[in-house]
Amino acid sequence: MRPAEILPFDRNDPPIDPPVGCVNRLMWQVSRRLFAEHQPGVDGWCLACRPYSYYPCVARQLADLGLASAFTRPHGTPWRMTDQRWRQVWA
């Protein structure tokens, strides 16, 4: 994800349901759940990982990346396989 990339949702409070334009609903749902579980505590620790990891923990970083990646892959191509050749390879 590029630093200046604009996402169609608030990164600090993403909606529970995938927004319009989400091409990978499963990745959104898993990432959103992980996002909700790994929140900061008042003492700087991740509430789910306490006392092993300060916030943001690795799980929260993965959740943020997953939410952004649910829209497009790094090169802008959708996650779904639309090319018939790739479907035949995976079948």
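Quick caveat, the model's predicted, so the values are computed rather than measured.

### Observations regarding the overall build of the chain
So, point 1. Across its full length, the chain holds three helices and zero strands.
So, point 2. The N-to-C order of helical and strand elements in the chain reads α-α-α.
So, point 3. Across the 91 residues that make up the chain, the buried fraction comes to 30%.
So, point 4. Counting contacts in the chain only where the partners sit at least 6 residues apart, residues at least 24 apart contribute 43% of the total.
So, point 5. For the chain, the exposed surface amounts to about 6800 Å²; the carbon and sulfur share of it is 59%.

### Notes on the packing of aromatic side chains
So, point 1. Under the counting rule described, the total for this entry stands at two aromatic pairs.
So, point 2. Taking 5.0 Å as the distance between ring centres and 85° as the angle between the ring planes, the aromatic pair formed by Phe-9 and Trp-28 counts as edge-to-face. Here Phe-9, found in the segment before helix H1 (25–37), pairs with Trp-28, found in helix H1; they are 19 residues apart in sequence, far enough to count as distant.
So, point 3. Relative to Tyr-54, the ring of Trp-45 lies with its centre 4.2 Å away and its plane at 15°, an arrangement referred to as stacked.

### Focus on the nonpolar core
So, point 1. Core analysis: the biggest nonpolar cluster contains ten residues, these being Leu-7, Phe-9, Cys-22, Trp-28, Phe-35, Ala-63, Leu-67, Ala-68, Ala-70 and Phe-71.
So, point 2. Every element with two or more residues in this core is listed here: H1 and helix H2 (58–69).
So, point 3. Considering each element in turn, this core owes the most residues, three residues, to H2.
So, point 4. In this structure, Ala-63 is in contact with Ser-31, Leu-34 and Phe-35, ignoring residues within four places of it in sequence.

### Observations concerning H1
So, point 1. Along its 13 residues, H1 runs 19 Å from first to last C-alpha, staying within 8% of the 18 Å computed at 1.5 Å per residue.
So, point 2. Buried within H1 are the following residues: Trp-28, Ser-31, Arg-32 and Phe-35. Seen end-on, H1 carries its buried residues on one side only, within an arc spanning 105°. Those residues of H1 that are exposed and angled more than 90 degrees off the buried face are Leu-26, Val-30 and Arg-33.
So, point 3. For H1, the elements touching its buried residues are H2.

How each quantity is defined
- Along every chain, residues carry numbers that run from 1 in the direction the sequence is written.
- Only residues with pLDDT of 70 or above have their local features reported here, since the model is predicted, and side-chain atom pairs are shown and tallied only from 80 upward, although totals for entire chains, interfaces and linings are computed over all residues.
- Side-chain metrics rest on all non-hydrogen atoms present in the structure, leaving aside hydrogens and water.
- A run of H or I in DSSP becomes a helix once it reaches four residues, and a run of E becomes a strand once it reaches two; helices and strands are each numbered from the N terminus.
- Exposure is judged per residue with a 1.4 Å probe applied to protein chains only, and the accessible area is read against the type maximum: over 50% gives exposed, under 20% gives buried, and values in between give partly exposed.
- Contacts: residue pairs with any heavy atoms within 4.5 Å of one another.
- Using a 1.4 Å probe, accessible areas were evaluated by the Shrake-Rupley method; residue-level cover was limited to the displayed protein chains.
- In this scheme Phe, Tyr and Trp rings, the latter by its six-membered ring, pair at centre separations within 6.5 Å, and the angle between planes marks the pair as stacked below 30 degrees, edge-to-face above 60, and tilted otherwise.
- Among buried residues, those of type Ala, Val, Leu, Ile, Met, Phe, Trp, Tyr and Cys that are joined through side-chain atoms within 4.5 Å constitute a nonpolar core.
- Expected span of a helix: the number of residues minus one, times 1.5 Å.
- Taken from the helix axis, the directions to the C-beta atoms give the arc we talk about.

These figures capture arrangement, not role.
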